[in-house]
Amino acid sequence: QVQLVESGGGLVQPGGSLRLSCAASGFTFSRYYMNWYRQAPGKERELVASITSASAGGSTNYADSVKGRFTISRDNTKNTVYLQMNSLKPEDTAVYLCNARRGQYDYWGQGTQVTVSS
């Protein structure tokens, strides 16, 4: 059974940091591209960051809105992908969702809420 379980969300003040984790099971994690999306109320789902599979070199890519502030990483020994978020802004408030993708296979987690507010 495929599972993606996000954790690490919460309430943080502007300028603060959070580290999200996504623990994967039920598939060969290292072979999948891993992505973090976010969805704010009334807005479309946005791709925030992505990291390629191990065989593709683990290259990363970021949305312009988070470049320089967020860092995606993966630990293939722990089947976990991370999103380090620094210098958080109120506009980063959203549900953050973990996604695993490989060809026709596309898996999603339930999401974790991140709220940036003073």
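Residues numbered from 1 in each chain as written. Predicted model: local features only at pLDDT ≥ 70, side-chain atom pairs only at ≥ 80, totals over all residues. Heavy atoms only, no water.

Asks: Looking at this structure, I do not really get the overall build of the chain. What am I missing?
Replies: Of the regular secondary structure elements, the chain holds zero helices and eleven strands. Reading the secondary structure of the chain in the N-to-C direction produces β-β-β-β-β-β-β-β-β-β-β. Its C-alpha atoms give the chain a radius of gyration of 14 Å, within 12% of the compact-globule value 13 Å for 118 residues. The dimensions of the chain, computed from C-alpha atoms along their principal axes, are 40 × 25 × 25 Å. Here the chain holds 118 residues, and the buried ones make up 42% of them. Carbon and sulfur atoms make up 44% of the accessible area of the chain, which amounts to about 6,300 Å² in all. (Helix = DSSP H or I, 4+ residues; strand = E, 2+ residues; numbered from the N terminus. Rg over C-alpha atoms; globule rule 2.2 N^0.38 Å. Buried < 20%, exposed > 50% of the residue type's maximum accessible area, 1.4 Å probe, protein only. Areas by Shrake-Rupley, 256 points an atom, 1.4 Å probe, with all protein chains shown as cover.)

Asks: Mind showing me how you'd approach the pairing of strand 1 (residues 3–7) here?
Replies: Looking along a regular strand, one sees the side chains alternate between the two faces of the sheet. By the alternation rule, side chains of strand 1 split into Leu4 and Glu6, which are all buried, and Gln3, Val5 and Ser7, of which none is buried. Where strand 1 meets strand 3 (residues 18–25), five bridges bridge the pair, whose relative direction is antiparallel. Paired with Leu4 across the two strands is Ala24, which belongs to strand 3. (Pairing = 2+ DSSP bridges.)

Asks: It is not clear to me how the environment of Ser55 should be interpreted in this structure. Could you clarify?
Replies: Topologically, Ser55 is positioned in the loop between strand 5 (46–51) and strand 6 (60–62). Within polar-contact distance, the side chain of Ser55 engages the side chain of Ser53 at 3.2 Å. (Polar contact = N/O pair within 3.5 Å; in protein donor to acceptor, adjacent residues only side chain to side chain.)

Scope: geometric values only; no functional claims are made or implied.
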